[in-house]
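Residues per chain, in single letters:
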Amino acid sequence: MHSSLRTDEEIEEIYNRHVDTVYRVCFSFMKNEADTEDIVQETFLKLITSEKQFQSESHEKAWLIVTACNTCKDALKHWRRRVENIDDYPSIEAASPLEGDGMLHAVLALPVKYKEVVYLHYYEGYRTSEIAKMLHCSDAAVRNRLLRARKFLKKYLGGDC
């Protein structure tokens, strides 16, 4: 019988390919370095213990993004989680691809369901149909969330979005 467990080398390759993406996804939820690092680690532990076989690197990436999002949501439900201010971590904001004109703060202020689609669409470049499959919702729901997120961002940024 063929074992579907990955070798250390395979895990390392997957990690190196996707750790930056998983970190950005987790930081968009957790908003602090310590919790983000914990969730990134937990996401990759789920990969290690999973017997999921991927059809391609894009399938692998999508699985990691959805797993990271779900792991973050679970962590945020925990009542003992402490909240920290993103302003305490200027190095993250400066390194962010969403920086400038308060865009990072605006995106982080979005409700989770909008934040997910904005990140997947604008930063990762997924089409709405691909996002719909990842999030198990309709294409129309994804387009609607993007529309509402853009309206929120435009209002938050004073119409400069």
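Residues numbered from 1 in each chain as written. Predicted model: local features only at pLDDT ≥ 70, side-chain atom pairs only at ≥ 80, totals over all residues. Heavy atoms only, no water.

Once that is clear, we can look at the overall build of the protein. Counting its regular elements, the protein contains 8 helices and 0 strands. In sequence order, the protein lays out its α and β elements as α-α-α-α-α-α-α-α. Across the 161 residues that make up the protein, the buried fraction comes to 42%. Of the contacts made within the protein by residues no fewer than 6 positions apart, 64% connect residues no fewer than 24 positions apart. (Helix = DSSP H or I, 4+ residues; strand = E, 2+ residues; numbered from the N terminus. Buried < 20%, exposed > 50% of the residue type's maximum accessible area, 1.4 Å probe, protein only. Contact = heavy atoms within 4.5 Å.)

Tallied over the entire structure, the rule returns 4 aromatic pairs. The interplanar angle of 10° and the centroid separation of 6.5 Å between the aromatic rings of Tyr 23 and Phe 27 together place this pair among those described as stacked. With a gap of 4 residues between them, Tyr 23 and Phe 27 both fall in helix 1 (residues 8–30), about one helical turn apart. (Phe/Tyr/Trp six-rings, centres within 6.5 Å; stacked < 30°, edge-to-face > 60°.)

Once that is clear, we can look at helix 6 (residues 112–123). Compared with the 16 Å implied by 1.5 Å per residue over 12 residues, the 16 Å span of helix 6 between its first and last C-alpha is a close match. Against helix 1, helix 3 (57–77), helix 5 (103–109), helix 7 (128–135) and helix 8 (139–156) lie the buried residues of helix 6. Positive phi shows up at Gly 125, right after helix 6, with a value of about 80°. (Expected span 1.5 Å × (residues − 1).)

A few words now on the pattern of salt bridges. Applying the stated criterion across every chain yields a total of 6 salt bridges. Between Glu 116 and Lys 73 there is a salt bridge, and its shortest N-O distance comes to 2.7 Å. Here Lys 73 lies in helix 3 and Glu 116 lies in helix 6, a separation of 43 residues in the sequence. Assessed through its relative accessible area of 27%, Lys 73 is described here as partly exposed. Note that Arg 127 and Glu 130 form a salt bridge whose closest N and O atoms lie 3.7 Å from each other. On the basis of relative accessible area, Arg 127 is assigned to the exposed category, the value being 53%. Glu 130 gets classed as partly exposed once you look at its relative accessible area, which sits at 28%. (Salt bridge = Lys/Arg side-chain N within 4 Å of Asp/Glu carboxyl O.)

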